[in-house]
Each structure stands twice: as C-alpha cells, then as structure tokens.
Amino acid sequence: EQLQIIVKNARLSAAGEYDPSDFLPAAQTDAEELYAFILAEIKKIKNGNLKRLLESFFGDPEFKELFKRAPAAKSIHHSYIGGLIEHTTNCLKLGAALCEIYPRLNRELLLAGIMLHDVGKTREFSFDTKINYTDEGRLLGHITIGENMIRDRIKEIEGFPESLAGEFLHMIISHHGENMTGSPKRPKTAEACALHHLENLDAQTKRFLQIIESVTPGYRGAWTPYDRLLDRYLFRGLENRDDER
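So, a few notes on the structure that sits alongside this text. (Residues numbered from 1 in each chain as written. Predicted model: local features only at pLDDT ≥ 70, side-chain atom pairs only at ≥ 80, totals over all residues. Heavy atoms only, no water.)

1. Quick look at the overall build of the chain
Here is the rule we go by: Secondary structure elements follow DSSP: runs of H or I no shorter than four residues count as helices, runs of E no shorter than two count as strands, and numbering proceeds from the N terminus. To sort residues, take the accessible area from a 1.4 Å probe on protein chains only and compare it with the maximum for the residue type: under 20% means buried, over 50% means exposed, and anything in between is partly exposed.
Along the backbone of the chain there are nine helices and two strands. In sequence order, the secondary structure elements of the chain are arranged as α-α-α-α-α-α-β-β-α-α-α. Along the three orthogonal principal directions, the C-alpha set of the chain runs to about 70 × 50 × 35 Å. For the chain, the residues scored as buried account for 44% of the 245 residues in total.

The following block contains the structure:
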C-alpha cells in the first residue's frame, strides 16, 4: 500500500520545456511584485543620470528575467530561485529606513547602489537544474562582473559625470567590506559603508534563518545540528526541545 512510479520511457528535456523552480528551492515571495517594487523606487529617483542607469538595466526584458530568477548565493543565503531579487528588495527597505535616521546620506546614490550591487550574480551563477557557478563566475566573481556590466551601461549614457561614476562604482567594488572577503577596495564613503552593512545584515540574518529552517522534518531539539561554516550550533527555541534533558 505504497505509491509507486513505473517509468516506461524517458527523454532529455530541451531548454524551455521545464521550470527550474520545479527542481530547485524557490522563494515564497512573488518575483513580479518585487520587481514592481523596484520599478516604483526607480521612478522616485530625481537624478537623471542614476535614473537612466537603473532604467538601462531594469527596463531590459532579458535582464528582468534573469534578475527575477537568479539566486543570491549557491548555499550561504537566499540560495534559491528568486533569491537575488528578494535580497535586493530587502536591502532597499533597510536602506530607506537608514536614510530616515541619517538624512545626510545621499539617499538616491545609496538606493541605486543597492539595486545594482549584486547584478553580477545574474552571470555568476547558472540555475537550470542546479545552482552552480558559471565559468565566468569562478574566474571573475560577481563583484568584477557587476563592475564591468555597470561600466558598459555608463558608457552608453551621454554626459554621465565621471565623479558620479567613480562614487557609484566604488560602492559596487567595496560592498563586501574587506579585501579578505572579496572586495578590491574597502568602503571609503558613508554610502559605501552603509551599503556594505545593509547587505551583510540581510545576508547574515537570512543565513541564520535558512539554517534554522532547514533541519530535517521531525527533528526535535532546541539547537540545530552543528554548522561547520559558522563553527557553532544555532538556537531554535525551547518550544522545539524534545523530552530528553
């Protein structure tokens, strides 16, 4: 009295015949709604150069499809279909709140940097039947890929100020914070500092939650199994403790 599947024949599926999210973990959020949220934020931008730069990406149908589906990582955080756009919109909301606390921050520069800080991940990862690194991703990494993508778009915008391009690209290449964690430069502007800590706040919070939520179904225990990368157990809550003390 157990369900069985008898396979009588099989064939290799062609690209476009399947939805990758059928084989991979996917975000529970609606990617279309998140994309609409980003477009609404772009409309609020008054700086014409930043607005044209953002529109050159988010108005591109091919980029849109990649950005909606890409993961934000292979395994650490937001490591599922739709993870990148979810991470980006989370950071946008955090950034808007920070600008209310610190009005001296250049709000438009910071929010534009948040929107594009991880664009390189649309090319760093492949995500057809599994999430993996592309050759380009392994050779260059998403920071270098993203910097090149943004430089190419800036070149197409006539009159884009060189000083603005420098500040913007600095945010992109410094958003990991330290040389040892992948950033060619450490943050040297308030906006770059804010971007680094905002994106890391969302990434690390999600990282903890993913570990806590990924325990084996039926697992009883107040603590997760030992996580080797974090070098610690994570507390799940006393309500998960089993009867053994």
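After presenting the structure, the write-up continues.
2. Digging into a nonpolar patch on the surface
Just so we agree on the cut-off: Residues form patches when they are more than 30% accessible in relative terms and have no salt bridge. Like charges link within 9 Å. Nonpolar side chains (Val, Leu, Ile, Met, Phe, Trp, Tyr) link within 5 Å. Throughout, the Shrake-Rupley method with a 1.4 Å probe supplies accessible areas, and for residues the shown protein chains are the sole cover considered. By definition, a salt bridge exists where a carboxyl oxygen of Asp or Glu is found within 4 Å of a side-chain nitrogen of Lys or Arg.
Together, Trp223, Tyr226, Tyr233, Phe235 and Leu238 give the surface a local cluster of nonpolar side chains, amounting to about 560 Å² of exposed area. Looking at where Leu238 falls in the secondary structure, it is placed in the segment after helix H9 (190–213). Leu238 gets classed as exposed once you look at its relative accessible area, which sits at 58%.

3. Considerations on the pattern of salt bridges
This model, assessed by the stated rule, comprises 10 salt bridges. Its salt-bridge partner being Arg151, residue Glu147 comes within 3.2 Å of it at the nearest N-O pair. Of this pair, Glu147 and Arg151 both sit in helix H7 (residues 135–155), four residues apart, which is roughly one turn of that helix. Under the relative-accessibility criterion, Glu147 is labelled buried at 17%.

4. Examining the packing of aromatic side chains
Applicable threshold: Aromatic rings from Phe, Tyr and Trp, with only the six-membered ring used for Trp, were paired whenever their centres fell within 6.5 Å, and each pair was classed as stacked if the ring planes differed by under 30 degrees, edge-to-face if by over 60, and tilted otherwise. A positively charged side chain is recorded as over a ring if its NZ (Lys) or CZ (Arg) lies within 6 Å of the ring centre. The angle to the ring normal must also be within 35 degrees.
For the coordinates displayed, the defined rule picks out nine aromatic pairs. Ring plane angle 85 degrees and centroid distance 5.8 Å describe the contact between Tyr18 and Phe23, whose orientation is recorded as edge-to-face. Tyr18 sits in the partly exposed class, given a relative accessible area of 26%. The exposure class assigned to Phe23 is exposed, which follows from its relative accessible area of 52%. Between the aromatic rings of Phe125 and Tyr133, the centroid separation amounts to 5.1 Å while the plane-to-plane angle is 40 degrees, which identifies the pairing as tilted. For Phe125, a relative accessible area of 5% translates into the label buried. An aromatic cluster is built from Tyr35, Phe57, Phe58, Phe63 and Phe67, whose rings are joined through pairwise contacts. Across from the ring centre of Phe37, 5.4 Å away, lies the NZ or CZ of Lys93, which sits over that ring. Stacked on the ring of Phe57, the Lys or Arg Arg153 has its end atom at 4.5 Å from the ring centre.

5. Overview of the nonpolar core
Here is the rule we go by: The criterion is simple. A nonpolar core is a set of buried Ala, Val, Leu, Ile, Met, Phe, Trp, Tyr and Cys residues joined through side-chain atoms within 4.5 Å. Contacts between residues were defined by any pair of non-hydrogen atoms, one from each residue, lying within 4.5 Å.
Judged by nonpolar contacts, the single largest core of 48 residues is most densely connected at Leu53, Phe58, Leu110, Leu116, Ile150 and Phe168. Of the residues forming this core, the biggest block, seven residues, is contributed by helix H5 (residues 107–116). In this structure, Leu53 is in contact with Leu116, Ile150, Arg153, Ile154, Ile157, Phe160 and Phe168, ignoring residues within four places of it in sequence.

6. Here we look at the side chain of His117
Stated precisely, the cut-off is as follows: Between N or O atoms, a polar contact is any pair within 3.5 Å; within protein, one atom must be a potential hydrogen donor and the other a potential acceptor, and residues adjacent in sequence are included only when both atoms are from side chains.
Relative to the elements of secondary structure, His117 occurs in the loop between H5 and helix H6 (121–124). What makes His117 buried here is its relative accessible area of 1%. Among the polar contacts listed, one links the side chain of His117 to the side chain of Asp118, at a separation of 3.1 Å. The residues touching His117, leaving out its near neighbours within four places in the chain, are His87, His142, Ile172, His175, Leu195 and Glu199.

Treat this as a map of the structure, not an account of what it does.
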